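Architecture and fold: a report
Take a look at the letters that make up each chain.
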Amino acid sequence: MIWTNSALFVSDCEEESDNIMGDQDEVQGEDLPPDIKDWSKQHVREWVLSLDGVDHSVAEILFQQDINGPSLLRMDTTRLGSIGVTFGPATLIIDSRDEVVKLQKEESTSSTNFPGGPCKPYPFHSYHHAHRYRQDSILDVTESGTLDFIEPCHEYKGFYNTPDEKKKSKFTYEVLRFASACMNSRTNGTIHFGIGDKKDRQRNYKHGQVLGVAVGDKEAYDEELRKAIDGCFLYKHKQIAHDCIKPPRFVGVLNNNWTSSHKCVIEVDIVPESKICEDNFFQTTLKELKQTQENMDKNNAKREGTETKSKQLYIRDDGSSNNILPKTQTNKSMKEYNQFIDRVTQLSQLRKQAEEKHLQVIKSSTQGSRLSHMITGGSLSLDKSHFEHYVIVTNKSHPIQLDSLEFLVELNPTAVLDFDPESAKQGLQCYFEQQSSVNVHLPVKYKITEGVEDIASKLKLTRDTSWVFCNGGIEDERPSDIDQWLKEKGASVRDVVSFLCRKDVLPNQRFLVIFVLLSTVNETMDPLVEAFMTFYQELKGTERILCLCENENAFSSWKDLIEVRCRINISDRCIYELSFPEVNGTVLSLWSKNRRLRRFLPCGGESKVPLDKKVERSLDTLAVLCVNQCEGGNEDKLLKEENFYKGGNVSWWNFFFSEEPGSTPFIKRDKFDYIVNTVIPDLCSLTKACVLFHLMHVAGCGGTTLAMHTLWALRDRFRCAVLRNSKADFAEVADQVVKLLMIDNEEQQPRLPVLLMIDDFDDKEKVFDLRQLIEKECAKKGIRSKTAQVILLNCMRSESPEPIPQTADSVFIGNNLSDKEQKLFENKLREIEKTHRNAETFYGFMIMKTNFKPEYVEGVARNTLKSFSMNQKHAQLLAVLVLLDVYCKGSSLSISLCEEFLDLQPKPVCGSVKVEDGFGKFSPLIARCLVQDKLVFEAVKIIHPSIAVHCLQELTRTHNVTKSEITDILLTTQKLYESTQGKDKLLQDVRHILVKRYYVEEVSQFSPLIQEIANETPGQEEMVLRNASKIFPKDAIVSQLLARYYYLKKKDFLEARVLAQRARDLFKNSSYIADTAAQVIKHEMKNAISNDKEAPLSPDKLKSFLKMAQAAIKAFKETQNLAKKESIQRLNRPFNVSGCLGEIEVGVLVIQVLEKIPIFSFHNLRHDILSGVLSGSLTLQGVEGNDQKQDRHRRFYSVLREFEDVLYNLKYRMKANFDLFDNVYVHFGTRFGMKDSREQRTQAELFKCFEKYAKLFCKTEAAALWKEKPFWLKLHQARQSLEMQKADNFSGILSCLSNERFPATVENIAQLCSFVSEHPNSNPTMKERINFIYINVVLSCVKLGSQHIQPYHTLVGHLCRILREQIPLSDTLPLYFITVLLLWPHKNLCFKECEGLGKYISLMKTAYHSVMKEVMNGKRPVLHFFLGRKQGYQQLVHFGEIKRCIKVEQDQFASVWENGQIWKEKKVKELLRRVNGRVKGDLILAYTCIPDLTVEVSPVFRSELRGRAQGSRVSFFIGFSMNGPLALDIN
């Protein structure tokens, strides 16, 4: 324990010469006992003498009174006074005693200053080792004399209480005394300053304990020593002394928590080589401190001395340096000296012999080859290593080691467990991060609080190196001392180790844990030992552990510690005879030339720029294709080709090998040249930041291969990359794509664009989402260019094999080869047969070569499955793979999972059983692939989609294996779902085949698998779904699916209700789950109505039906409320309309029920009464009062009155929901203009419902309107007719254009609107007056010459009059939209209201966000009109006219629109007026024909505007949406 209190006596002169020690009394030569209770009265006197301010007489008083330790503890100032000690000294004594007691208590509760474990001294005669001492550790060598001349002797000096002004003189004195002794004795030696001496008087310091010394100017010590050598040695010996005495070495001292301290240990090595010293002996003249007891100041523990000069001749005598040259020279005193002189020649000879013997000891080592074998698992190549992942465990590093640790960067470890708290500041992590990307974590992040693969995904565990700080150092986490670490941090680090060793995180037997001992481990409590213990337990042995020790000393200590803790010999798993530079070189040599080469990206002017490894690893969502990809590689050509031709995924190596001399070129598909030479150049010419190209293909027809071939061919003209995972965070992808674009490319104009291939997207809208985010990122970075910066090559499977029409930005690859392509495949086959003996098993290639003939694939399936037996494990696993591939394209099973299921036991050495062998005769049907999911792992898949289809058919047809039987194995075999890598991906795929419905033209109630199981083995689908709910007990969607099955198929509404409620409990705030609960009630009501054969309906049945209707309406309203919350809270999430449609459908059912009761069922008058009641215009009381059969109908009226709230509001609610759908479908399209089959089916259902609604509420013959009737009846019927034609609101009127109504129909509507709004007695509403304006504008688009169109200026005048009136809130949006359209200034329009155009645009936007806020998310507002070149009505060009300029399908039109190609069409340019303006922030101020009137216009694509200077002039087209005018094609 370190006692720093001034009350403790410390000698600052640590000489060991006999004359000094002889002057001191017996007690002064001893250490005080650590416990005061053990002090004698002599100890007490000695202690009192050391106190400042206490006189010698006080110590004598205590001594005379026999005050020992126990009595001292009982003393206080009063008792001391009673024995003659005055108050002042008494106070000092008591306070000092209390301080000693306090320090002793701290010693018992804290080990901060308690001596640590043993440690080795710094390597002798070295300066560049990483060795450092830790505070309070004990050097495991003793102070000694000559050993074998070569093994250094040691001498320790505490040096802790020497005044700063005397430190250098003290240092030189002790060094020269020790050095001359070593030189004379011809032994190597090291003197250490800052190491506790056995005779140190500092209490509780142990012999050899590391104390450390604070050193300021280190160079001053070296200079002082050089000077002292010159002054102390004879002239003829000066150079010899300089050669033998090495410069001082300052070895760092670490705190107990492994952080750096300001202290060091000063060491000087003495190397008296025989060729230097020869037969000389060395006398010195040292300035010696003569010490006497009389010189001691009574009030100060410091010793004074007087300097004298005399000659000395020192030799090593045990642990001391003794002077054998006496001051008084007599024959007797000179005897020892003379004997030594006589032995000098012999000593020199012995030294020489020892040196020669030492040089002859050269070890032969095989550890280089052992390292190569162990780190690769026996493959001797890291390119083909048995190990897929490496985990590094390391401790405190030294700066001089870092340059020798490049191999760790190249290993790209999955995780690093770093026990150096200063690693981020100046250690390995700091070095590593300069060269590679890392994710820094604390161990707590590895605690399992959610799904294991979800945690791994958040940690990016298999993508970037995860750096775990196991002893603090980041995020304000304090480091722990060695004895506190286990208590404070041990548990969390055990969590890390356990997590990494899980089979569902890293593949079983395919990762290696490497302990890199950068510092020597000396103590059993060292955290590295604990880490080893945990890995040893988790891995059940050391086969997957490798230890790298810097030297044999480090290894010896490590081995001993592990042997004590684990009772195993770790020697055969350790490398210790190689230095770290040698380890570094050995490991780096195991990479191929390709891995060591620098990779390059293309740049302008055919130049290249290097792609730094750190940058590339930071682009972890992208697989970057470099210009020099594959060059210098040593991959096995035949193996790569075999994997590809069998049906594995194409790799860059396949293209590379095809370009080698003697190889036939890679097969070019017919569309290849068209894509490379036409499509890509055309896309490059577009002005948008990010453009899109679709490569649609039938699965298994080579679409992905063609896309990668395109990238390979263009890798020197584009910065090419492939998106690794279609489920990646798109914001992160966009950021990395732009980084790739900008690497050494910031100032380059024009830049080389990025060509990014994206594959396996199941929804085009996701592709468009990604493009939007890339455009935003380009805008954020201020990137602007006249050409495209990023081209997305979207490689997407087509669900139908039918060809899709080709457009400027889409190509279709089908399952039919052209004659030219077939010839190329035949030529390639001839080449393959020359080099591959097993070409007949290259099914992937042969399927295409035979032009996808079903007969060939069927034959392969039949022949391969001849020996199939469902009782065999490998057959079961194949059946599962086949089923998954058929119903979930691209599915696979991880290698680890297959090994577990097939009971294969992989070993961490090369040559272990391959998983393909486990499939036996079925192995030709599978291929390896790399899965990029939450974790990156290797897996197996079926080689070709058509193989999977025909195998499934063969299993059913020949082997009587049903789909339900395979599904049952998939769902009930627990071994598939144990903790194995890829488990989450399997669960995703299983869920997909159970839940995923495909929305085609016909209604799809369940997934294809469930429907086919129901058809093949009726009733088994229920068992499958029940088992599914056990696999996914907390999945609301699966419970929802089961509920749907029970209400749709089984008609078991009670069970369906229970399941729907379970789903709601699991996912309370989902509108889709809430809709299922409502659907159960609706279907129960519908089923009950259809099963009821009573005519008329009984009151009891009426009550039952209306009660169900009431509950259903309530449930659907709840669905609507949740949908509104979802839409507002989750941007880009489309509004869920199912609740609105459900309420409408329930309304239709209510009408159907009410028409069956006598009150409303007999004749037209009753029909009108029903309409009045449901409209709220008639009350049930009034109807009952006028009913002549009210007594007979009384029970019916009683039931109806219970449900008045449902009945009176029925028409209003239905009409509100119909209007909402009009708003959704008229003013919004899917965000990218594509067809949505679900919306189409919804619209079809709406049409049926509206027919029934109109039949009840709008029953009017249009021709009958003009018969002689009262005016009020004509007006009523006119309004009903408008409602029937959906022309009673502005949305319905605008839909006449999008639905392409006949001109005659539109004219008829115009007549009715005119009658309703213009007749002097009609008293029209504001809504009807606005509708009149709309129908005129619409009719002008349909039939400009119609006689029913109002003159343009008359209509504008009508509009201006309305603008001067009070406007109801519900009419603001339609009014201001039509105002902006009609008041857009042109030469012949001179209304004063035109000057308020900006105000009306602002009002329109406000109204839009108020009215449409719930339905606009996830949708894009439709541009109803564009600003045309002409005037009057012709100034407005309808969207349909633009579409008619380009003859393409709807899906293709969306791409043409998004890419901006539409604006290049001549017909479009002739139709539209180009407007000028200037940039203002994110908007454009558009100029008008009115001086000083500018209008704010938003760009449709903000990327066209970002980066432009404020105030810069632009030109553009203008489109009009409900959200204001928008600018397009900005130039």
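As the structure is a computational prediction, the values presented were derived from the model and not from experiment.

Glancing now at the pairing of strand E25 (residues 754–759). The buried count for E25 comes to six of six residues, which makes it a mostly enclosed element. Of the two faces of E25, both are covered, the one formed by Val-754, Leu-756 and Ile-758 as well as the one formed by Leu-755, Met-757 and Asp-759. Pairing analysis gives four bridges linking strand E24 (residues 719–723) to E25, with the strands arranged parallel. Bridge pairing links Cys-720 to Leu-755 in E25. In the sheet, E25 pairs with strand E26 (residues 790–797) via six bridges, with the strands oriented parallel. Residue pairing for E26: Leu-755 is matched across the bridge by Ile-791. As a crossover connection, the stretch from E25 through helix H29 (residues 764–780) into E26 is right-handed.

Applying the stated criterion across every chain yields a total of four cavities of 30 Å³ or more. One number sums up the size of the second largest cavity: a volume of about 60 Å³. Residue lining of the second largest cavity: Glu-641, Phe-644, Tyr-645, Asn-654, Phe-657, Ser-658, Ser-663, Phe-666, Lys-828 and Glu-831, and that is the complete set. Its residues assigned to classes, the lining of the second largest cavity shows four nonpolar, three polar and three charged.

This part is about the packing of aromatic side chains. Counted under the stated rule, the structure contains 44 aromatic pairs. One aromatic cluster in this structure is built from Phe-644, Tyr-645, Trp-652, Phe-655, Phe-666, Trp-712, Phe-825, Phe-842 and Phe-845. Across from the ring centre of Phe-63, 4.6 Å away, lies the NZ or CZ of Lys-41, which sits over that ring. The ring of Phe-1250 has Lys-1286 sitting right over it, with the charged end atom 4.6 Å from the ring centre.

Strand order in the open sheet formed by seven strands is E15-E16-E14-E13-E17-E18-E19, and the pairing between neighbours is parallel. For this open sheet the edge positions go to strand E15 (438–441) and strand E19 (574–575), each flanked by a neighbour on one side alone. Of the pairings in the sheet, the one linking E15 to strand E16 (residues 465–469) comprises four bridges and is parallel in character. Bridge pairing links Val-438 to Thr-465 in E16. Running over the sheet, helix H21 (residues 580–588) touches strand E17 (511–517), strand E18 (545–549) and E19 and is turned about 135° from E18.

When a strand is regular, its side chains alternate between the sheet's two faces. Relative to strand E38 (residues 1513–1521), strand E35 (residues 1475–1480) runs antiparallel, the two sharing four bridges. When the sheet's bridge partners are listed, Gly-1477 is paired in E38 with Val-1514. By the bridge criterion, four bridges tie E35 to strand E36 (residues 1483–1487) in an arrangement that is antiparallel. By the bridge assignment, Arg-1478 is partnered in E36 with Leu-1485. The antiparallel pairing of E35 with E36 creates a hairpin that spans two residues between the two strands, and Gly-1481 there sits at a positive phi of about 65°.

Cut-off values and rules
- Residues numbered from 1 in each chain as written.
- Predicted model: local features only at pLDDT ≥ 70, side-chain atom pairs only at ≥ 80, totals over all residues.
- Heavy atoms only, no water.
- Buried < 20%, exposed > 50% of the residue type's maximum accessible area, 1.4 Å probe, protein only.
- Helix = DSSP H or I, 4+ residues; strand = E, 2+ residues; numbered from the N terminus.
- Pairing = 2+ DSSP bridges.
- Right-handed = clockwise from strand over helix to strand, strands pointing away.
- 1 Å grid on protein atoms, 1.4 Å probe; cavity = no way out; pocket = protein on both sides within 12 Å on 5 of 7 lines; lining within 4 Å.
- Points joined across faces, edges and corners; volume = space filled by probe spheres on them.
- Nonpolar A, V, L, I, M, F, W, Y, C, P; charged D, E, K, R; others polar.
- Phe/Tyr/Trp six-rings, centres within 6.5 Å; stacked < 30°, edge-to-face > 60°.
- Lys NZ or Arg CZ within 6 Å of the ring centre and 35° of its normal.
- Contact = heavy atoms within 4.5 Å.
- Axes fitted to C-alpha atoms, helices over the stretch in contact; angles between N-to-C directions.

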